[in-house]
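Observations on the model geometry
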Amino acid sequence: MKKIILFYNPVSGNATFKRRLDEIVEMFQRREILPMLYRTCPGENSDFVKFVFESRADGVVAAGGDGTLHLAANLLKKNKIDLPLGIIGSGTSNDFATHLEIDGGEDYFDVIAGGITRPIDLGLANGKEYFVNVASAGAFTSVAHEVNVRLKNFIGKPAYYLQGIKELPNFKSVPLKITADGKFFETDAFLFLILNSPAVAGLKKVTDKAKIDDGKLDLIVIKKTGAANLIALAKDIFAGKCVRESPEIFYIQAKNFEIDSEIELKGDLDGEQGDSLPLKIETIPNALNFFARL
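Here is a short report on the structure shown in this document. Source: prediction; values computed, not measured.

1. A short note on the overall build of the chain
Looking only at helices and strands, the chain has nine helices and 15 strands in total. Residues counted as buried form 52% of the 294 residues belonging to the chain. Accessible area of the chain: about 14,200 Å², with a carbon and sulfur share of 50%.

Take a look at the structure:
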């Protein structure tokens, strides 16, 4: 019988995943898969490696949001555990699952049971922390960490946008020095995003070129601009329009990035706090096998 570790976050999203637990166990067992339950604890997952080897698992499925997926991917990569990874999106933001059109229903459990995987790239920040979907810094990146947990659990994604609106008067641009595969650029910016997929912050198509298996990452910089232009850009983004060619955007694809600023700026990886700038980002091609259809 195949064994799958269900790496679940009990408080992710609206904290109702535990109500689905019996349903998910049933869907695994109906496909002759034995689910091995691992409950995540912030900062206290040192026993995960032992759990993996003693369970002799055939794969790991993270149940939670982008932060839970981030944690699972790092535990696997940093400990050189070569197992396929999957996602049952149950967080406030499930960007990577959204991009792969994974809804956590019957079809996805068929994918897991069939061992259907595809290789995906990962980003690596400063040689030590992997990210699955996005690295960022600047305006809005602190929003995920400042949103009240009760508000986020109650209303979901709109809590991020409400916090963002509140922060608009505090927006300040910062000077960025960017090196992309050896090419140097300078610009004043409100925000930069280094993307693996085109989905970020609940938005499905910020760019039309990002692919999770092309060996490259996509840099999108929102340049310093006036309030009217910024509001117009935000409207286009929320309307699902590709903004790659907007005059307010600097865009480039590369395998490696170095980003620095004379202003202290905290980085963010998949919604989790990362190192302050400077950031050295490299693409790790085919870093993980992911439970998903091509």
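That shown, we press on.
2. A few points about the nonpolar core
Within the largest apolar cluster, 49 residues are counted, with the highest numbers of intra-cluster contacts made by Leu6, Phe48, Leu85 and Phe290. Not counting chain neighbours up to four residues away, the residues in contact with Phe290 comprise Leu69, Leu85, Gly86, Ile87, Phe96, Leu100, Ile102, Tyr108, Ile116, Thr117, Arg118 and Ile120.

3. Topic: the pattern of salt bridges
Scanning all chains against the criterion turns up twelve salt bridges. Lys78 is paired through a salt bridge with Glu129; the nearest N and O atoms lie 2.6 Å apart. Of this pair, Lys78 sits in helix 3 (residues 66–78) while Glu129 sits in strand 6 (residues 129–131), and the two are 51 residues apart along the sequence. You can call Glu129 partly exposed: its relative accessible area is 24%. Between Asp208 and Arg244 there is a salt bridge; the shortest N-O distance is 2.8 Å. Placement of the pair is Asp208 in the loop between strand 9 (183–195) and strand 10 (217–223) and Arg244 in the loop between helix 9 (227–238) and strand 11 (249–254), with a sequence separation of 36 residues. Classification of Arg244 by relative accessible area gives buried; the value is 15%.

4. A word on the packing of helix 1 (residues 17–30) against helix 5 (residues 106–113)
Orientation of helix 1 relative to helix 5, taken along the N-to-C sense of each, is 45°, at an axis distance of 10 Å. On the basis of their axis angle, the class for helix 1 and helix 5 is oblique. As helix 1 packs across helix 5, the resulting crossing turns out to be right-handed. Contact residues: helix 1 offers Ile24, Met27, Phe28 and Arg30, while helix 5 offers Glu106, Phe109 and Ile112. Here the residues of the contact of helix 1 with helix 5 sort into five nonpolar, no polar and two charged.

5. So, the packing of aromatic side chains
Using the criterion set out here, one finds seven aromatic pairs in the structure. Among the aromatic residues, those joined into a ring-pair cluster are Phe7, Tyr38, Phe48 and Phe51. Above the ring of Tyr251, the side-chain terminus of Arg244 is found at 5.6 Å from the ring centroid.

6. Re helix 2 (residues 48–55)
Residues Phe48, Val52 and Ser55 constitute the buried set of helix 2. The buried residues of helix 2 occupy an angular sector of 80° when projected down its axis, which confines them to one face. Opposite the buried face of helix 2, at more than 90 degrees from it, the exposed residues are Lys50, Phe53 and Glu54. Buried-residue contacts for helix 2 involve strand 1 (2–8), strand 2 (33–39), strand 3 (59–64) and helix 3.

7. Quick word on the side chain of Asp218
Structurally, Asp218 is set in strand 10. Buried and unpaired, Asp218 has no salt bridge, with Arg244 as the nearest side chain of opposite charge at 6.8 Å. A distance of 2.5 Å separates polar atoms of two side chains, one belonging to Asp218 and the other to Tyr251. Beyond its immediate chain neighbours, meaning those up to four positions away, Asp218 contacts Leu193, Ile194, Leu195, Thr207, Lys209, Ala210, Tyr251, Ile252 and Gln253.

Rules used in this analysis
- Residues numbered from 1 in each chain as written.
- Predicted model: local features only at pLDDT ≥ 70, side-chain atom pairs only at ≥ 80, totals over all residues.
- Heavy atoms only, no water.
- Helix = DSSP H or I, 4+ residues; strand = E, 2+ residues; numbered from the N terminus.
- Buried < 20%, exposed > 50% of the residue type's maximum accessible area, 1.4 Å probe, protein only.
- Areas by Shrake-Rupley, 256 points an atom, 1.4 Å probe, with all protein chains shown as cover.
- Core = buried A, V, L, I, M, F, W, Y, C linked by side-chain atoms within 4.5 Å.
- Contact = heavy atoms within 4.5 Å.
- Salt bridge = Lys/Arg side-chain N within 4 Å of Asp/Glu carboxyl O.
- Axes fitted to C-alpha atoms, helices over the stretch in contact; angles between N-to-C directions.
- Parallel < 35°, antiparallel > 145°, perpendicular 65-115°, else oblique.
- Left-handed = near helix turned anticlockwise from the far one by under 90°.
- Nonpolar A, V, L, I, M, F, W, Y, C, P; charged D, E, K, R; others polar.
- Phe/Tyr/Trp six-rings, centres within 6.5 Å; stacked < 30°, edge-to-face > 60°.
- Lys NZ or Arg CZ within 6 Å of the ring centre and 35° of its normal.
- Arc of directions from axis to C-beta.
- Lys, Arg positive; Asp, Glu negative; His and termini not counted.
- Polar contact = N/O pair within 3.5 Å; in protein donor to acceptor, adjacent residues only side chain to side chain.

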